[in-house]
Amino acid sequence: MAGVNAIKGKTRLSNSNLLFLIAAIIFVLMYLFAIIMYPGSFLQFQTFFDLFNLNAPLIIMTLGLCIVMIGGGIDISIGAVCGLVTMACAFFLESGMGSIWGAILISLGIGIIFGVLQGYLIAYLEIQPFIITLSGLFMAQGLLTTLHKDPINVTVPAFVKLRDFDIVITWLGTRNRLGVFIPCEIKPGTIIVAILLVILASLMKWSRFGRNVYAVGGNAQSANMLGINVKRTMFTTYVISGLTAGIAGFVYIMTTGAGNVGNAAGAEMKAIASAIIGGTLLNGGVGNLLGAPIGTLTLLVINELIRAAGVQSNFQAMVSGLLLYFFIVLQSIIMSLRDKRGFKMALPPWLSLSSKGQGETQQKR
Amino acid sequence: MLGNTILEMRGISKSFPGVKALDSVDFTLRSGEIHALMGENGAGKSTLIKVIAGAYEKDSGSITLEGAPIHFKAPQEAQNNGIGTVYQEIMLCPNLTVAENMYIGRSHSPIVNWKQMNEQGQRLLASLNIPARATQELSSCSLAVQQMIAIARAVDMDCKILILDEPTSSLDEDEVHTLFELMRELKGRGVGIIFITHFLEQVYEISDRITVLRNGKLVGEYETIALPQIELISKMLGNELDDITGLKKYEPDVSDASIPVFEAIGLSSVAGVRPFDFTIQKGEVNGFAGLLGSGRSESARAIFTADRTTGGEVRMKGKRVKIKTPLNAIQHGIGYLPEDRKGDGIIEDLSVRDNIILTLQVLNGFFKPFSLKQAQEFAEEYIERLNIKTPTADTPIKSLSGGNQQKVILARWLLTHPEYLILDEPTRGIDVGTKVEIQKLVIALAHEGMSVTFISSEIDEMLRTCSRLIVMKDREIVGELRGSQLTESAVMNVIAKGGKK
Amino acid sequence: MMRSLMKRFSHLFLPLSVMALLIIINLVKGADYFRITMVNGAFYGNIPNIFFGASELVILSIGMTLVTAASRGQDISIGESATITSAVFVQYVLQANEVTLLTILVAFLLSSVVGLALGAFNGTLVSIFKVQPMVASLILFTGGRSIAFMIDGKLSPILANDLSNKIGTVIPGIPIQTPIILTVIFIALTAVLFKTTNLRLYVEAVGTNPNAARLNGINPKKVIFLTFLIMGFCSAFAGFIAVNKAGRHDSVNLLKLIMMDAILAVAIGGNSLNGGKFSITGSIIGAYTIEMLNRTLLRLEIEPAMIKVFKAVFIIILMVVASPVVRASITKVVDKVRGKGRGASAAMTVKATGDGEKEE
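Just so you know, these numbers come straight off a predicted model, no measurement behind them.

Rules used throughout
- Residues numbered from 1 in each chain as written.
- Chains lettered and ligands numbered in written order.
- Predicted model: local features only at pLDDT ≥ 70, side-chain atom pairs only at ≥ 80, totals over all residues.
- Helix = DSSP H or I, 4+ residues; strand = E, 2+ residues; numbered from the N terminus.
- Rg over C-alpha atoms; globule rule 2.2 N^0.38 Å.
- Buried ≥ 20, exposed ≤ 12 C-beta atoms within 10 Å, placed from the backbone.
- Contact = placed C-beta atoms within 7 Å.
- Nonpolar A, V, L, I, M, F, W, Y, C, P; charged D, E, K, R; others polar.
- pLDDT = per-residue confidence, 0-100.
- Pairing = 2+ DSSP bridges.
- Axes fitted to C-alpha atoms, helices over the stretch in contact; angles between N-to-C directions.
- Left-handed = near helix turned anticlockwise from the far one by under 90°.
- Expected span 1.5 Å × (residues − 1).

Asker: Explain the overall build of chain C residue by residue, including any values.
Answerer: Per the secondary structure count, chain C includes 17 helices and 2 strands. For 360 residues, the compact-globule formula gives about 21 Å, and the C-alpha radius of gyration of chain C, at 22 Å, lands near that figure. Seen through its C-alpha atoms, chain C measures out along the principal axes to roughly 75 × 55 × 40 Å. Burial status across chain C gives 51% buried among its 360 residues. A separation of at least 24 residues holds for 75% of the contacts in chain C among residues at least 6 apart in sequence.

This is the structure:
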């Protein structure tokens with residue numbers, strides 16, 4: 001039959017891509033604004049790289065968290081797990097027992113253990129993710145302090161070398177006041193961020209698992225009917241977020257060189273905020289992993305701008321709050337404008353487990 | 001071309017707590033046929049197809065697929081055996097693309113080949129003439145197209161049997177046409193299609209055979225060509241064995257000049273009701289007759305503003321009033337027993353007592369709660385009056401049977417002493433004894449001066465209790481019957497002949 | 001009679017049994033658990049200390065119960081709201097020349113108004129903008145303490161006056177510490193609220209089935225908004241107690257992370273985090289249980305650091321036992337033993353599509 005496939009107009013942008021685009025645009029605008037206001041610091045490439053260098057752990061955690069959130073879950077234990085890993089590594093290295101490889105194994109191991117335990121309880125025993133990951137947070141914090149109350153500075157030579165290791169970009173840099181050319185440095189943490197970003201973004205876009213996560217987050221009941229193993233998918237998302245928390249922990253200590261009780265405290269809330277800004281909806285089913293670093297960077301750039309403007313550190317949080325408010329309202333408005341037809345996406349399973357499924361469409365009588 | 005029998009079901013029974021959904025039903029399907037499954041709400045159609053699709057396990061009976069006996073324990077099993085189901089609630093993921101929805105969950109390859117999937121998907125869409133792009137996000141497609149995509153998925157999975165549950169409810173004429181082309185194409189390929197619908201014309205346009213269910217029992221299986229429409233309607237709404245004798249309905253003493261208790265002029269709502277006029281006198285019982293989808297419920301909901309009204313005015317006892325929310329309606333003395341008892345009626349975790357006093361409490365105001373003693377008195381009064389079977393007034397309402405739950409909701413409204421009470425399918429899904437009780441109650445209420453609108457799929461119930469019947473079809477009023485005109489055949493005639501087609 | 005009494009209190013089974021368990025553990029540790037002495041003119045001992053320490057948590061848990069019941073989500077900004085409102089309180093008191101009872105009352109009133117405003121902020125986002133409660137309250141959670149600091153003007157302003165001292169500790173002549181009395185007053189106020197309004201019915205209806213509630217004349221948006229207003233007031237009240245207890249306003253640490261304990265108290269109190277029917281009594285007992293748990297762990301001389309771990313394990317075990325999957329398995333086993341096999345299996349198969357009685 002002629003003309004049936006001649007769809008008028010271009011294919012509409014998907015929700016995930018739209019929110020990501022908005023996040024990206026806002027980030028670019030923000031950065032341009034920063035460059036204009038503070039060319040001294042922001043025009044330098046090093047500033048941009050430092051955003052990654054100093055905040056790699058947060059970006060890594062946000063990546064894992066995004067995956068969980070896209071599936072419709074939540075994980076608030078990641079900050080504490082990250083902190084625990086830093087102390088565990090520091091303890092391990094300083095005790096003379098082990099090598100850097102051992103530390104890496106410990107980081108991954110701790111992350112995986114938390115991920116598996118939490119994932120099982122949430123996906124298979126169907127317990128609320130909020131409570132389970134909250135308990136995970138308590139447990140990680142407790143183990144952290146039990147392990148060692150005071151900061152441990154890692155002085156193992158191999159590690160110190162790793163900590164001070166920089167990848168120097170000779171052709172990019174700035175001249176300081178004395179006229180000496182200082183090339184840009186990228187710390188290994190940034191490389192790890194880049195690698196993880198590529199791996200995880202590819203996973204979400206091109207793997208069966210990644211698409212299953214989107215399906216489960218979009219409508220878990222439908223996903224089940226379509227033949228997807230919902231429980232296994234959700235379980236795996238939590239394992240991934242545990243893993244990224246572990247990796248973030250190792251990167252953290254690789255950058256700061258010390259295990260400290262306060263490490264990554266509160267990071268989970270920052271990660272949630274970053275994920276939301278980056279275009280991942282708490283409802284699930286919508287999100288783009290590339291948005292995770294964008295969201296984090298936006299958060300950080302704004303903070304930098306505020307700091308540079310002379311606002312005291314105590315007020316920075318307030319402005320972060322305002323920014324978050326702006327994003328949340330913006331997202332709500334956009335999503336409701338798009339969904340005129342009212343085909344509502346279900347509330348995230350961890351907020352509304354009513355078996356009647358009250359988020360379902362109103363059937364015509 | 002009709003082929004051999006591919007599905008044979010014999011003596012299928014299925015019960016749920018409190019209700020027997022299927023009572024020894026037989027059903028056969030041939031390859032290459034479109035077989036319509038018909039019946040009013042509560043007839044058992046949905047339950048039957050869920051048994052076929054493996055979502056429910058039958059209590060008794062046998063099912064053979066292509067000669068071999070089958071016993072599915074999960075929907076996956078049915079799917080793997082070539083039974084594709086497209087439910088009325090579209091079981092797809094709105095945030096994925098069209099192509100993804102068609103292929104997800106089917107392949108075992110860990111990597112998604114987008115290019116291949118999109119190309120294959122586009123070909124599939126083209127072969128079935130579905131107006132969509134494989135790369136579109138599903139939520140950007142209309143519901144009609146989404147339905148077709150769900151069908152495409154089933155078809156692509158080489159189904160031998162395709163079950164379509166109310167596929168045309170949300171489609172316009174052109175979309176229905178496209179869907180039917182698709183169905184004929186599949187029929188030509190030898191697929192056996194079970195088609196559930198309440199649209200009579202569509203049944204006659206496309207189906208080869210019709211099976212009619214009523215109250216969980218099989219009424220009969222017929223060749224479509226051999227069954228005139230009026231007979232079909234009669235089979236769907238026909239008589240039911242019950243022991244109502246000597247029930248005399250109340251004919252209100254009305255002259256044309258008396259002011260109606262309630263009057264609606266040009267009322268329309270967001271639920272797609274065409275602007276209609278409606279009046280009801282004091283002590284009158286009127287009914288809305290029509291098949292499923294005729295717009296009866298929507299009209300009732302519009303009166304109560306359960307759906308937001310978009311136009312028209314209403315008058316109570318001659319005076320123009322502003323009714324914009326259910327609370328307004330309640331305050332003006334209108335009550336509404338909803339069709340969807342579970343979704344709109346009962347507050348399942350609350351006690352019987354709380355469910356009974358709910359609306360009166362709201363009427364009383366936020367700052368005037370009833371004391372426990374008072375609430376208990378109210379509850380006990382109506383538990384007794386309506387003969388509600390419950391262990392205590394404290395029992396959560398979800399523990400009660402359907403019939404008793406319905407009585408609780410009735411009690412809730414009666415407690416508010418409304419002037420005008422709308423009952424939408426009050427007898428659906430409940431036992432015969434309770435049905436009789438409710439009909440008797442309606443007549444008694446009319447005697448006491450209450451105006452009642454009684455909507456039921458069982459025409460005889462309405463004929464027994466109503467002094468006036470408004471007949472609806474395809475969302476508009478096509479006739480009104482009174483007095484001696486109130487016979488089943490008259491109603492069915494109006495339904496069959498009424499409307500544009 | 002016994003059976004109806006049992007039924008009445010069955011929903012309190014969880015928090016009470018947990019509490020009983022804790023009491024047993026404590027008695028094993030030292031039989032003088034219940035010993036009460038008088039220190040500084042007030043009762044002192046394990047039990048009185050629990051009541052004293054849990055004052056703020058009880059009040060916040062009551063608010064959290066209502067928010068959870070109506071909007072099926074949690075407000076994570078309660079500690080931050082309390083910090084802001086108490087900052088306002090402190091500022092007013094500090095600028096007064098003489099701190100009289102009237103000063104305190106006016107300051108409290110002011111902080112309550114601020115609390116209501118904060119509740120309105122969250123409430124609007126949830127009821128009108130349809131944002132999830134946790135996401136909506138994330139905003140105040142992130143930025144709240146900064147706002148409080150701004151109101152403080154400097155680091156930890158000190159609240160040192162006679163009245164504050166009395167409020168925070170004890171009024172001479174009354175053997176019960178003031179915060180406990182204040183909490184009791186608040187609980188009494190709550191009871192009055194439920195007695196004189198339809199709040200319980202409205203909240204439970206909206207939380208269970210908003211559609212049905214609407215069709216019966218209830219406005220779900222208004223009800224949800226109201227629960228957030230109440231939560232705001234609870235934050236103000238709790239902040240009032242906390243800052244008078246501490247004697248200074250520490251915007252960084254005041255009631256830090258208390259929303260975690262509040263959510264736990266609600267859950268342990270037998271309330272569903274998915275909304276619907278709720279029990280304030282349960283949450284109150286849950287709050288005291290959490291406090292008792294904290295102190296029991298300390299008393300068992302578990303390292304403060306390990307306390308968190310124990311708390312976590314404890315909660316996980318509770319949740320596992322209460323989880324629907326585990327419950328269903330236990331029911332299956334019990335039914336098999338009782339020989340009710342068929343009934344259970346019918347219910348199980350129906351679970352496949354989620355709705356048992358839907359007939360079309």
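Asker: Outline the interface of chain B and chain C, listing residues and values.
Answerer: Each partner contributes to the interface: chain B provides 41 residues, whereas chain C provides 25 residues. Those elements that place two or more of their residues in the side of chain B that touches chain C are β2 (19-30), α1 (45-52), α10 (326-331), α11 (341-345) and α12 (352-364) of chain B. The greatest single-element share of the side of chain B that touches chain C, amounting to 5 residues, is contributed by α12(B). The residue makeup of the side of chain B that touches chain C, split by class, is 22 nonpolar, 11 polar and 8 charged.

Asker: Now, about the confidence of the model for chain A: what can you tell me, with residues and values included?
Answerer: Residues and elements named next belong to chain A. Averaged over every residue, the pLDDT of chain A is 80; the share at 70 or more is 86%. Contacts for the low-pLDDT stretch residues 1-9, under 50 throughout, to residues beyond four places or in other chains number 7 contacts. Here residues 341-365 is modelled with pLDDT under 50, and outside its nearest four sequence neighbours on either side it reaches 47 contacts, counting other chains as well.

Asker: Help me get a handle on the confidence of the model for chain C, residues and values and all.
Answerer: Should the pLDDT be low somewhere, the predicted coordinates at that spot are not to be read in detail. Residues and elements named next belong to chain C. Summarising the model, chain C shows a mean pLDDT of 85, and 91% of its residues fall at 70 or more. In this model residues 341-360 is a low-confidence stretch, pLDDT under 50, and it forms 33 contacts with partners more than four residues away in sequence or in other chains. For this predicted complex, the interface confidence reaches an ipTM of 0.81, while the overall pTM sits at 0.81.

Asker: Please set out the interface of chain C and chain A residue by residue, giving values where relevant.
Answerer: At the interface, 40 residues of chain C touch 41 residues of chain A. Secondary-structure elements contributing two or more residues to the side of chain C that touches chain A are α7 (133-152), α13 (258-268), α15 (304-322) and α16 (324-338) of chain C. Among the elements that line the side of chain C that touches chain A, the one with the most residues is α7(C), at 13 residues. Across the side of chain C that touches chain A, the residue classes tally to 25 nonpolar, 9 polar and 6 charged.

Asker: Describe the sheet that holds strand β5 (residues 68-69) of chain B, naming the residues involved and giving the relevant values.
Answerer: Residue and element names in this part refer to chain B. Spatially, the 4 strands line up as an open sheet ordered β2-β1-β4-β5, and their pairing is antiparallel. Looking at strand neighbours, the two that pair on one side only are β2 and β5, the edges of this open sheet. As judged from the 8 bridges shared by strand β1 (residues 5-16) and β2, these two strands associate in the antiparallel manner. When the bridges of β2 are listed, Glu8 appears paired with Thr28. In the packing of α1 onto the sheet, the strands contacted are β1 and β2, and the crossing angle to β2 comes to about 60 degrees.

Asker: Summarise unusual backbone geometry; cite the residues concerned and give the values.
Answerer: Residue and element names in this part refer to chain B. The backbone phi angle of Ser24 is positive, close to 55 degrees, even though this residue is not glycine. Here Ser24 lies in strand β2. Even without being a glycine, Glu166 presents a positive backbone phi close to 50 degrees. The topology assignment puts Glu166 in the loop between β7 (161-165) and α6 (173-188). On the basis of neighbour count, Glu166 is assigned to the buried category, with 23 C-beta atoms found within 10 Å.

Asker: Account for the pairing of strand β9 (residues 209-214) of chain B, with residues named and values stated.
Answerer: Residues and elements named next belong to chain B. With 6 of 6 residues buried, β9 is to be regarded as a mostly interior element. Residues of β9 alternate between two faces, with Arg209, Thr211 and Leu213 on one and Ile210, Val212 and Arg214 on the opposite face, all of them buried. One ladder, built from 4 bridges, connects strand β3 (residues 34-38) with β9; its direction is parallel. In the sheet register, Ala36 faces β9, and the bridge partner there is Ile210. Pairing geometry for β9 and strand β10 (residues 217-223), over 6 bridges, is antiparallel. Across the sheet, residue Thr211 finds its bridge partner in β10, namely Glu221.

Asker: Could you give me a rundown of the packing of helix α6 (residues 101-127) of chain C against α7(C), with the residues and numbers involved?
Answerer: Residue and element names in this part refer to chain C. It is at 9 Å that the axes of α6 and α7 come closest, and there the two elements cross at 140 degrees. Considering only the axes of α6 and α7, their crossing is right-handed. Along its contact with α6, which presents Leu118, Phe121, Asn122, Leu125 and Val126, the element α7 presents Pro133, Ala136, Ser137 and Leu140. The residue inventory of the contact of α6 with α7, partitioned by class, reads 7 nonpolar, 2 polar and no charged.

Asker: Residue-level account of the environment of B:Glu380, with values.
Answerer: Mapped onto the secondary structure, B:Glu380 falls in helix α13 (residues 372-385). Remark: the alpha-carbon pair of B:Glu380 and B:Glu89, spanning 291 residues in sequence, is separated by 40 Å.

Asker: Please give an account of helix α9 (residues 178-196) of chain C that cites residues and values.
Answerer: An α-helix turns once per 3.6 residues; consequently, residues spaced three or four apart project the same way. Residues and elements named next belong to chain C. In this model α9 runs 27 Å from its N-terminal to its C-terminal C-alpha over 19 residues, within 8% of the 27 Å that 1.5 Å per residue would give. When α9 is considered as a whole, its buried residues turn out to be Thr178, Pro179, Ile180, Thr183 and Thr190. Contacts from the buried residues of α9 go to α3 (46-53), α4 (55-71), α8 (162-168), α12 (220-246) and α14 (280-299).

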